[in-house]
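# Secondary and tertiary structure notes
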Amino acid sequence: MNLRNVLFLGGRSKLASVQIRCVEVAKALGCDCRIHEPFAANIPDQYSAFVCVKSVLAPGELAQLAKRGTVIWDIIDSPPPQEHVSIYLASTKTTRELFASYGRCKVIPHYHCNLSGQPNPLPRTRRPAWIGSDYWKPHLEGFDFDSYDVKGMSRDDVIRAHRQIGIGLNFRNPRPPIFWKNHQKLRYRFHVAINSGIKLINCVGFGIPSVSDQEPAYHEIGADCTIFSSLKKCAKWVRALQNDDELYLDLRKKCLRRAAHYHFDTVIEKYRKFLTAL
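Below is a short write-up of the structure.

Scanning the protein from terminus to terminus reveals 11 helices and 11 strands. Taking 278 residues into account, the globule formula puts the C-alpha radius of gyration at 19 Å, and the protein, at 20 Å, falls close to it. When the 278 residues of the protein are sorted by exposure, 47% land in the buried category. Long-range contacts, defined as pairs at least 24 residues apart, comprise 60% of the intrachain contacts of the protein with a sequence gap of at least 6. Looking at the protein as shown, the accessible area adds up to about 13,700 Å², and 49% of this sits on carbon and sulfur atoms. In the protein, the 40 positive side-chain charges and the 26 negative ones have mean positions that sit 1 Å from each other.

This is how it looks when you write it as structure tokens:
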């Protein structure tokens, strides 16, 4: 398929996933992109494939779009529609397996934000840090750490934050208010199950050794690139990484070996091959 015939359809522009998996990917491929478009009738007839990334199209509108071409739905955060979709995209194999009964699904991982590919220099102090949306911030005891709330941060801000991190902390609050206020425990477990693993991907991209929770995506992305731990034992492993040069350098080396797999150019090439083969 000619990529000029592919249209990316995204949800709200403020969503990081829409910027990462829709706007930036479309731009790199030379595809057109529309954000927050609720009506199929507003979409020109020139397109014959549609990549939906948290699209706001209602089922009836999606059905109209499906009559005009191939609808591709990127599975992010919540279950995708079962009807009117030709192909699904997933960021991990775990997500693909969860929705295997829905139909054809292609795995294309997230890319890390280190677009230059230049790894961090060895830090003078191995300062641990957590980065993410504030409501996911975990309660960690036994050591001091920096934290960065990504809300309102630009890509350059996120890159600068990763340049300051000596040890990554890839955990989340197990009882975030966003899920627990309505007793949505199953929704929380589902969210963890289909997590893209972007925290570890970014650590890998910058060569940052890290301590991670036992999430499926982290095992898939690079089980040898991090130390798995519970929240309670995190302090123990942070101290180990701060004091054990051999352990720290071994994890750093493994991250750097894996980094190219999640580089922007590598992931964009996966999109290009997938879409041109349609």
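What follows deals with the environment of Ala16. Within the element layout of this structure, Ala16 appears in helix H1 (residues 16–29). By relative accessible area, which is 53% here, Ala16 ends up exposed. Between the alpha carbons of Ala16 and Leu231 there is a distance of 26 Å; along the sequence they are 215 residues apart.

The next thing to look at is the packing of aromatic side chains. By the definition in use, this model includes six aromatic pairs. On the basis of an interplanar angle of 80 degrees and a centroid distance of 5.1 Å, the ring pair of Phe99 and Tyr102 is categorised as edge-to-face. Residue classification places Tyr102 among the partly exposed residues on the basis of a relative accessible area of 23%. Between Tyr135 and Trp136, the aromatic rings sit 5.6 Å apart at their centres with planes inclined by 45 degrees, giving tilted as the arrangement.

Below, the discussion takes up the pairing of strand S7 (residues 128–132). Within S7, five of the five residues are buried, which leaves it mostly tucked inside the rest of the structure. Burial along S7 is two-sided: Pro128, Trp130 and Gly132 facing one way and Ala129 and Ile131 facing the other are all buried. Both S7 and strand S9 (residues 167–170) contribute to a ladder of two bridges, which runs parallel. Within S9, the residue paired with Ala129 across the bridge is Gly168. In this sheet, strand S8 (residues 146–149) lies alongside S7 in parallel orientation, the contact comprising four bridges. By the bridge assignment for S8, Gly132 is matched with Asp149.

Time to look at the sheet that holds S7. Ordered by their spatial adjacency, five strands build an open sheet running S8-S7-S9-S10-S11, and the pairing between neighbours is parallel. Strands with a single pairing partner mark the edges of an open sheet, and in this sheet they are S8 and strand S11 (227–228).

Right, let's get into the pattern of salt bridges. Inspection of every chain in the model, using the stated rule, returns 11 salt bridges. Residue Asp157 is joined to Arg160 by a salt bridge in which the shortest nitrogen-to-oxygen separation is 2.6 Å. With Asp157 and Arg160 both in helix H4 (residues 155–163), this residue pair falls three residues apart, about one helical turn. What makes Arg160 partly exposed here is its relative accessible area of 48%.

With that out of the way, let us pick up the nonpolar core. Val6, Phe8, Leu29, Val51 and Leu275 are the most contacted members of the largest nonpolar core, which has 24 residues in total. Those elements giving two or more residues to this core turn out to be strand S1 (6–10), H1, strand S3 (49–53), strand S5 (87–90) and helix H11 (264–276). Looking at which element gives the most residues to this core, the answer is H11, with six residues. Apart from residues no more than four positions distant in its own chain, Leu275 is found in contact with Met1, Leu3, Val6, Phe8, Leu29, Val51 and Ile72.

With that settled, the discussion passes to the pairing of S9. Note on strand geometry: in a regular strand, side chains alternate between the two faces of the sheet. Residues Ile167 and Leu169 point to one face of S9 and Gly168 and Asn170 to the other, with burial holding for every one of them. Strand direction decides the pairing type here: S9 and strand S10 (residues 210–212), joined by three bridges, are parallel. The partner of Leu169 across the bridge, within S10, is Val211.

What follows concerns unusual backbone geometry. Even without being a glycine, His36 presents a positive backbone phi close to 55 degrees. Note that His36 resides in the loop between strand S2 (32–35) and S3. Phi at Lys54 takes a positive value of approximately 55 degrees, unusual for a residue other than glycine. Relative to the helices and strands, Lys54 resides in the loop between S3 and helix H2 (59–66).

It is worth spelling out the sheet that holds S5 at this point. Strand-to-strand pairing in sheets goes through backbone hydrogen bonds, with the strands running parallel or antiparallel. Reading across the sheet, the six strands line up as S2-S1-S3-S4-S5-S6 and stay open at both edges, with parallel pairing between neighbours. Strands at the two margins of the open sheet, each flanked by one partner only, are S2 and strand S6 (105–107). Strand-to-strand twist in this sheet, taken as the mean axis angle between neighbours without regard to direction, amounts to 25 degrees. Here S3 runs beside strand S4 (residues 70–74); their pairing, made up of five bridges, is parallel.

Calculation rules
- Counting restarts for each chain, with residues numbered from 1 along the sequence as it is written.
- This being a predicted model, a pLDDT of at least 70 is required before a residue's local features are given, and a value of 80 or more before pairs of side-chain atoms are given or counted; all residues contribute to the totals for chains, interfaces and linings.
- The side-chain figures draw on all heavy atoms in the structure; neither hydrogens nor water molecules are used.
- Starting at the N terminus, helices and strands are each numbered in turn, a helix being any DSSP run of H or I of at least four residues and a strand any DSSP run of E of at least two.
- The globule rule used for comparison is 2.2 Å times the number of residues to the exponent 0.38, while the radius of gyration itself is calculated over C-alpha atoms.
- Any residue under 20% of the maximum accessible area for its type is buried, any over 50% is exposed, and the rest in between are partly exposed; the area is computed with a 1.4 Å probe on protein chains only.
- Any two residues whose heavy atoms approach within 4.5 Å are treated as being in contact.
- Computed by Shrake-Rupley with a 1.4 Å probe, the accessible areas treat only the displayed protein chains as cover when residues are assessed.
- The charged-residue count follows a simple rule in which Lys and Arg add positive charge and Asp and Glu add negative charge, with His and chain termini not counted at all.
- One atom stands in for each charge, and that atom is NZ of Lys, CZ of Arg, CG of Asp or CD of Glu.
- Note on ring pairs: Phe, Tyr and Trp rings are taken, using the six-membered ring of Trp, and paired if centres are within 6.5 Å. Classes follow the plane angle, with under 30 degrees stacked, over 60 edge-to-face and the rest tilted.
- Two strands form a pair only when DSSP identifies at least two bridges running between them.
- In the sections that follow, a salt bridge refers to a side-chain nitrogen of Lys or Arg positioned within 4 Å of a carboxyl oxygen of Asp or Glu.
- Here, the term nonpolar core denotes a set of buried Ala, Val, Leu, Ile, Met, Phe, Trp, Tyr and Cys residues that are joined through side-chain atoms within 4.5 Å.
- For helices, the fitted axis covers only the stretch in contact; all axes are lines through C-alpha atoms, and the angles between them, taken along N-to-C directions, range from 0 to 180 degrees.

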